[in-house]
Amino acid sequence: MDTVFFWVIFNIFILLLLGLDLFVFHRKEHAVKIKEALLWSAFWVALSLIFNAFIYYWKGPAPALEFLTAYLIEKSLSVDNLFVFILIFNFFKVPLQYQHKILFWGIIGALVLRGIFILVGVALIAKFHFIIYILGAFLVYTGIKMAFTKDDGELHPEQNPFIVWVSQKLRFTKTAVGGKFFTKVDGKLYATPLFLVLIMVESTDVVFAADSIPAILAISKDPFIVYTSNVFALLGLRALYFALAGIMQLFHYLHYGLSLILVFIGAKLLLSDIYELDMRYALLVVGVILTVSIVASLMFPKKDNALPPPPDFIP
């Protein structure tokens, strides 16, 4: 009964925060500046750590360590989302003042989808133990594939099945209509290009969830820990995007660090019945991999390509 109570209270708390974010702090659409983004990033990180302390006093040190590890992994894997967001916004020439709104509603959809994925995943693992081996093998494969896959920096919306399906079912205006996703023209309902961008953001998250959810389930089987760590990592993703959008290309070795983390977590899952790695060591390994990949990126910057200037969006 206590667990149900905390589920309800947590989700009400998150909805209140999102309501304040959209209808109070960002009621007027504007381009988010770096200073504002850094302050919001610090707020979400601090709130996550406070919640981590609450988990420690409520559930104990082991669940608190699981939350922190899951949060760190989800946060680091979410960085890959930021690269794709930049490509999407550049491709569709989304004005800066509309990007926060798109990311806001994109993350709302992501929270709902990931909540479903987590509950289904936890239920399946509890019922069919062999699934942990499938998830472990999938993470190892994904990590290796990620390390050897080079992003061409191009976007291909015509290859996205969600975009193709929506384009066939809805009427679209040729240009954006303010910050609206839908508008009426001659009494008929039309979707705007911003709605197409939102679909791209949502479908991108579905792809990334296929990597991140199994990785978090390898850390904890407690649905509350898995869900809340995902929520806090995603809530800070928008602010992190605006804080790092101009310097994301600096962290070119982070991609390899993330692939190594996936392989490590997958191996941990595959060997879980033989040897259960202490969560403190798992957290240490993840932290070291991230630190080394970031430091290496800064010490050995790319020499073949000059760092592009921040994107110039067309209003």
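Procedures and definitions
- Residues numbered from 1 in each chain as written.
- Predicted model: local features only at pLDDT ≥ 70, side-chain atom pairs only at ≥ 80, totals over all residues.
- Heavy atoms only, no water.
- Helix = DSSP H or I, 4+ residues; strand = E, 2+ residues; numbered from the N terminus.
- Buried < 20%, exposed > 50% of the residue type's maximum accessible area, 1.4 Å probe, protein only.
- Areas by Shrake-Rupley, 256 points an atom, 1.4 Å probe, with all protein chains shown as cover.
- 1 Å grid on protein atoms, 1.4 Å probe; cavity = no way out; pocket = protein on both sides within 12 Å on 5 of 7 lines; lining within 4 Å.
- Points joined across faces, edges and corners; volume = space filled by probe spheres on them.
- Nonpolar A, V, L, I, M, F, W, Y, C, P; charged D, E, K, R; others polar.
- Axes fitted to C-alpha atoms, helices over the stretch in contact; angles between N-to-C directions.
- Parallel < 35°, antiparallel > 145°, perpendicular 65-115°, else oblique.
- Left-handed = near helix turned anticlockwise from the far one by under 90°.
- Contact = heavy atoms within 4.5 Å.
- Expected span 1.5 Å × (residues − 1).
- Polar contact = N/O pair within 3.5 Å; in protein donor to acceptor, adjacent residues only side chain to side chain.
- Phe/Tyr/Trp six-rings, centres within 6.5 Å; stacked < 30°, edge-to-face > 60°.
- Lys NZ or Arg CZ within 6 Å of the ring centre and 35° of its normal.

*Asks:* How should the overall build of the protein chain be read in this particular structure?
*Replies:* Along the backbone of the protein chain there are eleven helices and two strands. Listing every helix and strand of the protein chain by position from the N terminus yields α-α-α-α-α-α-β-β-α-α-α-α-α. Across the 315 residues in the protein chain, those meeting the buried criterion constitute 48%. Accessible surface, the protein chain: about 16600 Å² in total, of which carbon and sulfur atoms supply 71%.

*Asks:* Help me understand the layout of surface pockets, please; the structure alone is not making it clear to me.
*Replies:* The probe, sized like a water molecule, is rolled over the atoms to show the empty space still left. Taken as a whole, the second largest pocket spans an internal volume of roughly 350 Å³. What lines the second largest pocket is a set of 14 residues, among which Lys75, Val79, Leu240, Leu244 and Ile294 lie closest to the centre. At the level of elements, α2 (34-59), α3 (61-91), α9 (237-244) and α11 (279-299) are the ones that each hand at least two residues to the lining of the second largest pocket. Among the residues forming the lining of the second largest pocket, the class breakdown is eleven nonpolar, two polar and one charged.

*Asks:* Even after reading the chapter, I still don't get the packing of helix α5 (residues 131-148) against helix α7 (residues 193-217), so can you show me in this structure?
*Replies:* Packed helix pairs are specified by the crossing angle of their axes together with the interaxial distance, meaning the distance between the axes. At a minimum axis separation of 10 Å, α5 and α7 run at an interaxial angle of 130°. As the angle between them shows, α5 and α7 are arranged oblique. Taken as a pair, α5 and α7 cross one another with a handedness that is left-handed. Between α5 and α7, the contacting residues are Leu135, Phe138, Leu139 and Thr142 on the first element and Ala210, Asp211, Pro214, Ala215 and Leu217 on the second. Considering only residue class, the contact of α5 with α7 consists of seven nonpolar, one polar and one charged.

*Asks:* Can you help me understand helix α8 (residues 223-235) in this one?
*Replies:* Residues spaced three or four apart along an α-helix face the same direction, because each turn holds 3.6 residues. With 13 residues, α8 should cover 18 Å at 1.5 Å per step; its first-to-last C-alpha distance of 18 Å lies within 8% of that length. Among the 13 residues in α8, twelve count as buried, and that is most of the element. N-capping of α8 is provided by Asp222, with a side-chain oxygen placed 2.9 Å from the backbone N of Phe224.

*Asks:* Just to check I follow, could you spell out the packing of aromatic side chains for this structure?
*Replies:* As enumerated under the stated definition, the model contains 25 aromatic pairs in all. Here the aromatic rings of Phe5 and Phe6 are separated by 5.6 Å at their centres, their planes lie at 70°, and the arrangement is edge-to-face. Overall, the relative accessible area of 19% leaves Phe6 in the buried class. Chaining the aromatic ring pairs together yields one cluster made of Phe5, Phe6, Trp7, Phe10, Phe51, Phe54, Trp58, Phe67, Tyr71, Phe224, Tyr227 and Phe232. One Lys or Arg, Lys59, reaches over the ring of Trp58 and ends 4.5 Å from the middle of that ring. The ring centre of Tyr190 lies 5.3 Å from the NZ or CZ of Arg171, which sits over that ring.

*Asks:* In this structure, what is going on with α9? I would like to understand it.
*Replies:* In terms of burial, α9 is a largely internal element, seven of the eight residues being buried. If you check which residues of α9 are buried, you get Leu237, Arg238, Ala239, Leu240, Tyr241, Phe242 and Ala243.

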